[in-house]
Amino acid sequence: MLNYLFIFLVSFLSATILPLGSEGLLLYYANDATLSVFHLWIWASLGNTLGGLTNWFLGLYLVRFEHKKWFPMKASTRQKAELFFNKYGIWSLLFTWLPVVGDGIALVSGVLRTPIWYFLPLVLIGKAARYALILWGQHLLLTL
């Protein structure tokens, strides 16, 4: 059970603004015959989705400090992200799994106050699909 908790935690942290990756750990655990690949997929997907939700909350509440010197994102960067989000709409939430860009999409969706009932399902679908493809790809490579 600790392995599932660890993949959840690493997947969660990987989806926040921290520079981590969870794919290597997921593939490592997927090779362990005592662990369920399905459960690894579920826990990684949930952790990564909740990490994205953390970015959404950050965007929702921290944008009011944008004028402060310590704020990590420049107003011009945020405006570019807003233009992208407004152009592609809520469907861009399917791509929150992308490195660096995905964190920005989730953050901007919080800034723009995207309703959570749109945010969560789209982010979960995108992140779960990415993990499923990673696990499926590993399975295909190992069965060659």
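All values derive from a computational prediction rather than experimental measurement.

**Overview of the UniProt feature "transmembrane region" (unreviewed entry) in the protein chain**
Okay, step 1: Feature annotation in UniProt assigns "transmembrane region" (unreviewed entry) to the following positions: residues 40–63, 84–110 and 116–136.
Okay, step 2: Taken end to end, residues 40–63 comprises 96% helix and 0% strand; its first and last C-alpha atoms sit 34 Å apart.
Okay, step 3: Segment residues 116–136 splits into 100% helix and 0% strand. End C-alpha atoms: 29 Å apart.

**Looking at unusual backbone geometry**
Okay, step 1: The backbone of Val-100 sits at a positive phi, close to 65 degrees, despite the residue not being glycine.
Okay, step 2: With respect to the helices, strands and loops of the structure, Val-100 is situated in the loop between α4 (75–88) and α5 (101–111).
Okay, step 3: Within the chain, Arg-113 stands out as a residue other than glycine whose phi angle is a positive 55 degrees.
Okay, step 4: With respect to the helices and strands, the residue Arg-113 is situated in the loop between α5 and α6 (116–142).

**As for a nonpolar patch on the surface**
Okay, step 1: Where nonpolar side chains cluster on the molecular surface, the patch consists of Leu-62, Phe-65 and Trp-70 and spans about 290 Å² of accessible area.
Okay, step 2: Relative to the helices and strands, Leu-62 resides in helix α3 (residues 37–62).
Okay, step 3: Of the residues examined, Leu-62 reaches a relative accessible area of 31% and is grouped as partly exposed.

**Re the packing of helix α2 (residues 23–30) against α6**
Okay, step 1: At a minimum axis distance of 10 Å, the contact between α2 and α6 shows a crossing angle of 50 degrees. Classified by the angle their axes make, α2 and α6 are oblique. Considering only the axes of α2 and α6, their crossing is right-handed. Residue-level contacts link Glu-23, Leu-26, Leu-27 and Ala-30 of α2 to Arg-130, Tyr-131, Ile-134, Leu-135 and Gln-138 of α6.
Okay, step 2: Here the contact of α2 with α6 is built from residues that sort into 6 nonpolar, 1 polar and 2 charged.

**A look at α5**
Okay, step 1: Among the 11 residues that make up α5, 9 are buried, leaving the element largely enclosed by the rest of the structure.
Okay, step 2: When α5 is considered as a whole, its buried residues turn out to be Gly-102, Asp-103, Ile-105, Ala-106, Leu-107, Val-108, Ser-109, Gly-110 and Val-111.
Okay, step 3: Against α1 (2–15), α3, α4 and α6 lie the buried residues of α5.
Okay, step 4: Looking one or two residues beyond α5, the residue adopting positive phi is Arg-113, at roughly 55 degrees.

Rules used in this analysis
- Residues numbered from 1 in each chain as written.
- Predicted model: local features only at pLDDT ≥ 70, side-chain atom pairs only at ≥ 80, totals over all residues.
- Heavy atoms only, no water.
- UniProt positions renumbered as here; feature names shortened; annotations may be inferred.
- Helix = DSSP H or I, 4+ residues; strand = E, 2+ residues; numbered from the N terminus.
- Patch = residues over 30% accessible without salt bridge, like charges linked within 9 Å, V, L, I, M, F, W, Y side chains within 5 Å.
- Areas by Shrake-Rupley, 256 points an atom, 1.4 Å probe, with all protein chains shown as cover.
- Salt bridge = Lys/Arg side-chain N within 4 Å of Asp/Glu carboxyl O.
- Buried < 20%, exposed > 50% of the residue type's maximum accessible area, 1.4 Å probe, protein only.
- Axes fitted to C-alpha atoms, helices over the stretch in contact; angles between N-to-C directions.
- Parallel < 35°, antiparallel > 145°, perpendicular 65-115°, else oblique.
- Left-handed = near helix turned anticlockwise from the far one by under 90°.
- Contact = heavy atoms within 4.5 Å.
- Nonpolar A, V, L, I, M, F, W, Y, C, P; charged D, E, K, R; others polar.

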